[in-house]
Amino acid sequence: MTARAIGQSLPRRDGRVKVTGTATYAYETPVDRPAYCHPVQADIARGRVTWLNTAEAEKLPGVLAVLTEANAERLASTEDAELAVLQSAEVAFRGQLIGAVLAETAEVAREAADLVEVTYVEQEHETELTADGDYDADTTGDVETAFAEADVVVDQTYRTAMYHNNPLEPHATTALWQDDGTLTLWESTQGVHPARAKVAEVFGLDSEQIRVICPFVGGGFGSKGMPHANVILATMAARALPGRPVKLALTRQQMFSLTGYRTPTIQRARLAADRDGRLSAIAFDVAEQTSRIKEYAEESGKPSRTMYAAPNRRVAHRLSALDVPVPSWMRAPGECPGMFGPEVAMDELADALGMDPIELRLRNDPDTDPESGKPFSSRNLAECLRTGAERFGWAERGPRREGDWLVGYGVAASVYPVNRSPESTAAIRFHGGRYTVDIGAADLGTGTWTTLPQIAADALGVPVGEVEVRIGDTDYPNASVAGGSSGMITWGSAVVDAALAFREKFGTEPADGDEAEGSVSQNPDEERFAMSAFGAQFAEARVHADTGEVRVPRLHGVFAVGRVINPRTARSQLVGGMTMGLSMALHEQSVLDPRFGHVVNHDLAEYHITANADVGEITADWLDEHDPYVNAMGAKGIGEIGIVGTAAAVVNAVHRATGVRVRELPVTLDKLLPGLSSPGPRRAT
């Protein structure tokens with residue numbers, strides 16, 4: 001009997017080529033005589049280009065062309081304003097593309113772009129988010145009466161910052177138009193098929209005219225989940241040089257205005273409870289921003305609808321259209337910022353009640369989904385909290401003082417929905433004693449190269465060494481984007497279906513060349529159950545009593561994520577998410593200058609992220625959770641739940657250590673030092 005592959009801690013199949021530097025990324029694609037593209041960007045927040053002088057740039061030796069609104073091709077579709085590149089002289093935000101230089105080298109292209117002279121007519125702009133205005137509310141029960149009659153009420157405002165995805169591989173494209181009108185894009189993307197569909201729409205092409213290739217991605221975190229303006233510019237630039245490939249890699253600074261970001265949020269969280277800690281009402285109002293030219297909503301209120309039991313609930317959103325770049329996906333959109341305010345508010349409620357924060361959460365753990373009324377396919381939040389408390393040593397949570405350091409522990413809960421795309425197809429072929437699985441999936445570091453063979457091997461009933469996969473190319477069957485923790489769930493379901501079809505058609509002794517396809521099918525249990533992954537995050541914070549320096553010696557997470565396909569890649573994803581959550585708590589903040597509408601700390605020298613020195617130990621564990629309803633593998637998705645709740649756990653730990661309640665991220669010295677004037681740890685009320 002063949003040993004099960006799912007559950008084995010197999011090493012990454014793509015690991016060797018990555019660590020030896022032989023993996024080929026989009027910008028590194030070997031092509032003949034490439035030209036290089038460098039953008040010209042607007043340096044006003046709103047207005048119109050009135051004059052764009054390219055003469056000096058065109059004189060520079062090695063310059064091949066300068067594209068502007070005046071000579072750029074007209075796109076077939078400009079419905080998506082973010083992608084309507086060089087179609088108008090209007091400027092909607094600082095950093096918007098207004099031109100591009102094509103040259104023989106990247107250095108010449110960049111120098112020439114700096115020589116382009118631009119004049120504008122400027123208009124008044126608005127770039128600052130406020131909480132003022134009307135909210136779109138979803139209400140259940142009589143919320144205000146519940147607050148008026150409650151024994152204990154928490155009513156506080158919390159803020160999260162603007163955050164930018166900063167994958168180490170920048171957004172990059174190599175584009176080549178052939179003489180027959182076909183286009184090849186080597187693109188750093190989380191979804192080759194979705195990228196192809198969008199480029200085809202914008203340029204008015206049939207999808208079959210375009211091939212998108214992306215075997216390796218150097219990180220994305222959501223920012224590469226959908227094409228941005230740089231992809232359209234690279235494609236347009238290549239069309240201007242027919243038969244010659246064009247390479248475009250954004251600089252770190254350019255990524256801060258062209259490839260999306262997480263909107264800042266202003267969250268008013270209100271909790272009403274009796275003296276036993278039973279919630280009678282939850283109200284969560286969140287204000288966010290979007291770009292005036294394209295709407296994107298973070299939906300930070302989503303987790304509040306389902307997280308805790310309360311008969312009266314109100315969740316409201318306000319979306320401000322500002323003269324800013326277009327926000328987009330960032331790891332765990334909605335749930336990540338949306339769990340910060342409520343989970344800190346739960347800690348504040350526990351303080352007001354004199355109750356253990358874990359016990360408060362357990363008392364309000366619902367039996368059914370509060371929003372839909374459906375039973376949960378599985379909900380093991382309580383077990384995550386109890387198990388994590390035991391393993392972390394929650395009983396010793398303090399506060400206490402060790403020399404000059406104030407010490408405390410914090411906890412927060414995590415939730416992320418089980419997502420599945422309705423479309424993905426896999427093909428399985430037998431040749432030379434081996435099985436090949438083809439699917440246009442993506443691996444942005446999550447482990448797809450490794451885990452898909454494990455799923456296929458078990459579905460086929462063969463050793464995992466007899467299975468290989470081919471991904472990252474639109475020549476392979478259609479696959480959904482790697483986003484929303486849905487990739488492995490969706491692609492794995494298609495692979496299992498293909499394996500079943502293969503065995504039904506050819507049995508256990510196939511002939512060379514035998515092939516079968518399978519696709520994602522409707523899961524009837526999705527209508528019967530509410531499906532989510534859950535987790536509990538624990539943090540130890542040490543704060544220097546005199547300087548306010550914050551250290552986090554330990555982070556520990558316990559998760560209920562269904563069946564784990566590969567413990568090695570799973571732990572990597574969970575720890576990676578927790579690391580980003582720690583970064584959000586202590587460091588990350590895109591600082592927007594409202595006078596000019598741009599982020600001023602737009603590089604990794606000033607946009608600080610967590611490094612190894614910031615945390616002593618990060619551990620991620622999971623429960624042995626069996627959920628037969630979610631999909632054929634029993635998996636729930638792990639790419640994003642690790643970040644959810646981490647920042648709140650850190651803030652709650654800092655509060656327990658110091659008595660200082662920080663309600664605006666990140667936790668910086670200016671927010672801590674005023675509250676550290678009296679010696680020793682103290683508790684806020």
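A count of helical and extended segments in the protein chain gives 18 helices and 26 strands. Its C-alpha atoms give the protein chain a radius of gyration of 26 Å, within 12% of the compact-globule value 26 Å for 685 residues. Along the longest, intermediate and shortest principal axes, the C-alpha atoms of the protein chain span 75 × 70 × 50 Å. By residue count, 61% of the 685 residues in the protein chain fall in the buried class. Excluding contacts between residues fewer than 6 apart, the proportion of contacts in the protein chain whose partners are at least 24 apart in sequence is 82%. Of the accessible surface of the protein chain, which amounts to about 26000 Å², a share of 47% is contributed by carbon and sulfur atoms. Here the protein chain contributes 64 positively and 95 negatively charged side chains, and the mean placements of these two sets differ by 4 Å.

Our focus in this paragraph is helix α5 (residues 192-203). When the terminal C-alpha atoms of α5 are compared, their 16 Å separation across twelve residues agrees well with the 16 Å that a helix rising 1.5 Å per residue should span. Those residues of α5 not exposed but buried are V192, H193, A195, R196, V199, A200, V202 and F203. Check the buried side of α5 and you find it contacts β10 (183-187), β11 (210-213) and α6 (229-240). Taken from the residues just after α5, G204 is the one with a positive phi, measuring 70°.

This part takes up the pairing of strand β1 (residues 35-41). Counting buried residues along β1, six of its seven residues qualify, which places the element largely inside the surrounding structure. In the sheet, β1 pairs with strand β12 (residues 246-249) via two bridges, with the strands oriented parallel. Opposite A35, over in β12, you have V246 as the bridge partner. In the sheet, β1 pairs with strand β5 (residues 97-103) via six bridges, with the strands oriented antiparallel. Counted as the bridge partner of P39 is A100 from β5.

Here we come to empty space enclosed by the protein. In total, this model carries four cavities of 30 Å³ or more according to the counting rule given. The calculated volume of the largest cavity comes to roughly 90 Å³. Forming the walls of the largest cavity are 13 residues, and the residues nearest its centre are L271, I282, S304, Y308 and P342. For the lining of the largest cavity, the secondary-structure elements that each account for two or more residues are β13 (265-273), β14 (279-291), α8 (302-306) and α10 (340-353). Lining the second largest cavity, in full, are H171, E187, S188, T189, A195, K224, M226, P227, H228, N230 and V231. Here the lining of the second largest cavity is composed, by residue class, of four nonpolar, five polar and two charged.

For the rest of this paragraph, the subject is the pairing of β11. Bridge count between β10 and β11: four bridges; the pairing is parallel. Across the sheet, the residue bridging to T184 is R211, located in β11. Regarding topology, α5 serves as the crossover connection from β10 to the parallel β11, and that connection is right-handed.

Moving on, we get to the sheet that holds strand β4 (residues 90-91). If you walk across this open sheet you meet the three strands as β4-β2-β6, and the pairing is antiparallel. Strand pairing shows two members of the sheet lacking a second neighbour, β4 and β6 (117-122), which therefore form its edges. Where strand β2 (residues 47-53) meets β6, six bridges bridge the pair, whose relative direction is antiparallel. Paired with L52 across the two strands is V118, which belongs to β6.

Bringing the packing of helix α16 (residues 567-586) against helix α17 (residues 646-658) into the picture now. It is at 7 Å that the axes of α16 and α17 come closest, and there the two elements cross at 50°. When the axis of α16 is compared with that of α17, the two are oblique. Considering the relative orientation of α16 and α17, their crossing is right-handed. Contacts from M578, G581, L582, M584, A585 and L586 in α16 reach T646, A647 and V650 in α17. Here the contact of α16 with α17 is composed, by residue class, of seven nonpolar, two polar and no charged.

Let us now look at the environment of E295. Secondary-structure assignment places E295 in the loop between β14 and α8. Separated by 25 residues in the primary sequence, E295 and S320 have C-alpha atoms spaced 9.4 Å apart. Leave out the neighbours within four places in its chain, and E295 touches T290 and L319.

Turning our attention to the packing of aromatic side chains. For the coordinates displayed, the defined rule picks out 14 aromatic pairs. Relative to Y435, the ring of F430 lies with its centre 4.9 Å away and its plane at 55°, an arrangement referred to as tilted. An identical accessibility class is assigned to F430 and Y435; each is buried. An aromatic cluster is present here, built from F392, W394, Y409 and F538 joined pairwise through their rings. Looking at R554, its charged tip hangs above the ring of F392, at a distance of 3.9 Å from the centre.

This part covers the sheet that holds strand β18 (residues 425-431). On the basis of which strands lie adjacent, the open sheet formed by four strands has the order β20-β19-β18-β21 and mixed pairing. Each having just a single partner strand, β20 (467-470) and β21 (515-519) make up the two edges of the open sheet. Mean inter-strand twist for the sheet, computed between neighbouring axes without regard to direction, equals 20°. Two elements, strand β19 (residues 434-438) and β20, share four bridges in a ladder whose sense is parallel. Residue pairing in the sheet places Y435 in a bridge with V467 of β20. Lying over the sheet, helix α13 (residues 448-460) contacts β18, β19 and β20, oriented at roughly 130° with respect to β20.

The next thing to look at is the layout of surface pockets. Of the volumes computed, that of the second largest pocket is approximately 610 Å³. Contributing to the lining of the second largest pocket are 30 residues, with Q41, A42, G95, Q253 and Q254 lying nearest its centre. When residues of the lining of the second largest pocket are traced back to their parent elements, those giving at least two are β1, α3 (106-115), β6, α7 (252-258) and β25 (598-599).

Below, the discussion takes up the pattern of salt bridges. All chains considered together, the criterion is met by 42 salt bridges. The partner of D473 in a salt bridge is R211, with the nearest N and O atoms 2.6 Å apart. Here R211 lies in strand β11 and D473 lies in the loop between β20 and α14 (487-506), a separation of 262 residues in the sequence. In this structure D473 comes out as buried when scored by relative accessible area, which is 5%. By relative accessible area, which is 32% here, R211 ends up partly exposed. Among the salt bridges present, the one from E348 reaches R663, with a minimum N-O distance of 2.9 Å. Pair noted here: E348 is in helix α10 and R663 is in the loop between α17 and α18 (669-672), with a separation of 315 residues, a long-range link. We classify E348 as buried; its relative accessible area is 12%. In this structure, a network of salt bridges that share partners links the residues D347, E348, D351, R661 and R663.

Conventions adopted
Residues numbered from 1 in each chain as written. Predicted model: local features only at pLDDT ≥ 70, side-chain atom pairs only at ≥ 80, totals over all residues. Heavy atoms only, no water. Helix = DSSP H or I, 4+ residues; strand = E, 2+ residues; numbered from the N terminus. Rg over C-alpha atoms; globule rule 2.2 N^0.38 Å. Buried < 20%, exposed > 50% of the residue type's maximum accessible area, 1.4 Å probe, protein only. Contact = heavy atoms within 4.5 Å. Areas by Shrake-Rupley, 256 points an atom, 1.4 Å probe, with all protein chains shown as cover. Lys, Arg positive; Asp, Glu negative; His and termini not counted. Charge placed at Lys NZ, Arg CZ, Asp CG, Glu CD. Expected span 1.5 Å × (residues − 1). Pairing = 2+ DSSP bridges. 1 Å grid on protein atoms, 1.4 Å probe; cavity = no way out; pocket = protein on both sides within 12 Å on 5 of 7 lines; lining within 4 Å. Points joined across faces, edges and corners; volume = space filled by probe spheres on them. Nonpolar A, V, L, I, M, F, W, Y, C, P; charged D, E, K, R; others polar. Right-handed = clockwise from strand over helix to strand, strands pointing away. Axes fitted to C-alpha atoms, helices over the stretch in contact; angles between N-to-C directions. Parallel < 35°, antiparallel > 145°, perpendicular 65-115°, else oblique. Left-handed = near helix turned anticlockwise from the far one by under 90°. Phe/Tyr/Trp six-rings, centres within 6.5 Å; stacked < 30°, edge-to-face > 60°. Lys NZ or Arg CZ within 6 Å of the ring centre and 35° of its normal. Salt bridge = Lys/Arg side-chain N within 4 Å of Asp/Glu carboxyl O.

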